[in-house]
Amino acid sequence: MKNFLNISDLPSHELRTIIEEAKTRKSKRKDLNKSAADLDQPFAGKSMIMIFEKPSTRTRISFEAGMQKLGGSALFLSGQELQISRGEPISDTAKVMSSMLDAIVIRTDSQENLEMFAANSSVPIISGLSDVYHPCQIMADLMTFKEINKNLDNIIKTILRISEKNIETIMPGFTHLKNAQAVSFAHYLMAYVEMFTRDKKRFSYNLESLSECPLGVAALTGTSFNIDRNFTSKKLG
């Protein structure tokens with residue numbers, strides 16, 4: 001992988017491969033200490049720097065801990081610590097850093113500066129967020145969607161098995177601390193199957209909607225959102 005500045009930088013099959021690799025590594029870590037490195041340590045001897053012009057808690061910790069668990073090391077610099085803040089060209093900083101490091105993560109207010117950094121770097125540049133994109137967050141969300149969908153399938157199957165064994169089991173009913181109509185335990189459990197099935201459909205709908213572009217939907221009526229009209233116009237062609 002050269003750079004990861006936007007989710008569209010990689011074809012869908014490569015994105016799926018990354019997610020599946022992450023799921024596999026997560027599964028293999030079940031018996032490891034949370035701070036221990038992966039057994040294969042694929043990034044042993046590698047170093048990554050994180051440049052954060054914007055403060056962060058989760059993004060910084062996930063990158064730093066992730067690099068350590070892959071066997072590598074991570075450095076951190078805030079925007080104020082860079083010579084860029086004192087007038088050094090981005091191209092010079094990118095060339096110097098990439099000559100000493102193996103990867104660079106940048107969290108910035110400017111997608112334009114991020115792309116300029118990538119154009120002058122000889123190592124992969126990864127976006128930790130810009131004013132336009134947050135590709136790593138999207139990947140984490142997609143992985144979560146997949147895990148939740150699988151968990152929901154297992155929960156539904158388990159409830160169905162229990163229901164089949166309790167068709168004749170009568171469960172007393174109560175409402176407002178008073179007796180109510182008795183129902184079978186299976187009938188009661190099936191209500192949860194319906195709820196979890198509905199949740200699964202919602203996750204599936206959200207995944208399908210990711211491929212739909214919302215740009216231009218307010219072309220006739222306008223919008224109260226502070227959108228970048230030039231950026232929107234460029235994306236719409």
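This structure is a prediction, so every number in the text was calculated from the model and none was measured. Throughout this document, residue positions are counted from 1 along each chain, in the order its sequence is written. Restriction of local features to residues with pLDDT of at least 70 applies here, the model being predicted, together with a cutoff of 80 or more for giving and counting side-chain atom pairs; totals for whole chains, interfaces and linings are based on all residues. Side-chain figures throughout are based on the complete set of non-hydrogen atoms in the structure, without hydrogens or water.

Which residues make up the layout of surface pockets, and what values do they have?
Put simply, the largest pocket is a space of about 1,700 Å³. Starting at the N terminus, helices and strands are each numbered in turn, a helix being any DSSP run of H or I of at least four residues and a strand any DSSP run of E of at least two. Among the elements of the structure, helix H1 (12-28), helix H2 (58-69) and helix H5 (135-164) are those that each provide at least two residues to the lining of the largest pocket. A total of eight residues in the lining of the largest pocket trace back to one element, the largest contributor, which is H2. Considered class by class, the residues forming the lining of the largest pocket number 19 nonpolar, seven polar and 10 charged. Only protein atoms enter the 1 Å grid used here. Points where a 1.4 Å probe fits but cannot escape make up a cavity, open sets with protein on both sides within 12 Å along at least five of seven lines make up a pocket, and a residue lines them when an atom lies within 4 Å of a point. Grid points are joined across faces, edges and corners, and a volume is the space filled by probe spheres set on the points. Note on residue classes: Ala, Val, Leu, Ile, Met, Phe, Trp, Tyr, Cys and Pro are nonpolar, Asp, Glu, Lys and Arg are charged, and everything else, Gly too, is polar.

Residues and numbers for the nonpolar core, please.
Core analysis: the largest hydrophobic core is formed by 15 residues, its most contacted members being Ile51, Met97, Ile104, Ile106, Phe117 and Ile125. Throughout, a contact is declared for two residues whenever any of their heavy atoms are within 4.5 Å. Once you skip the residues sitting within four places of it in the chain, isoleucine 106 turns out to touch Ile51, Leu114, Phe117, Ile125, Ile126, Ser127, Gly128 and Leu129. We call a set of buried Ala, Val, Leu, Ile, Met, Phe, Trp, Tyr and Cys residues a nonpolar core when their side-chain atoms join them within 4.5 Å. For each residue, the accessible area found with a 1.4 Å probe, counting protein chains only, is set against the maximum for its type, and the residue is called buried under 20%, exposed over 50%, and partly exposed in between. If you look at the next biggest cluster of nonpolar residues, it comprises eight residues, including Met48, Met67, Ala103 and Ile126.

Report on the pattern of salt bridges, specifying residues and quantitative values.
Should a side-chain nitrogen of Lys or Arg be within 4 Å of a carboxyl oxygen of Asp or Glu, the pair is scored as a salt bridge. Throughout the structure, instances matching the rule amount to 10 salt bridges. Between lysine 23 and glutamate 20 there is a salt bridge, and its shortest N-O distance comes to 3.5 Å. Pair noted here: lysine 23 and glutamate 20 are both in helix H1, with a separation of three residues, about one helical turn. By relative accessible area, glutamate 20 is classed as partly exposed at 38%. Among the ionic pairs, lysine 200 bridges to aspartate 153, the shortest N-O distance being 3.7 Å.

Kindly report on the pairing of strand E5 (residues 170-175), identifying the contributing residues and their values.
When DSSP finds two or more bridges between a pair of strands, those strands are recorded as paired. Pairing geometry for E5 and strand E6 (residues 178-184), over five bridges, is antiparallel. Bridge pairing links methionine 171 to valine 183 in E6. Linking two consecutive strands that pair antiparallel, namely E5 and E6, is a turn of two residues; a positive phi of about 50° is found at histidine 176 within it.

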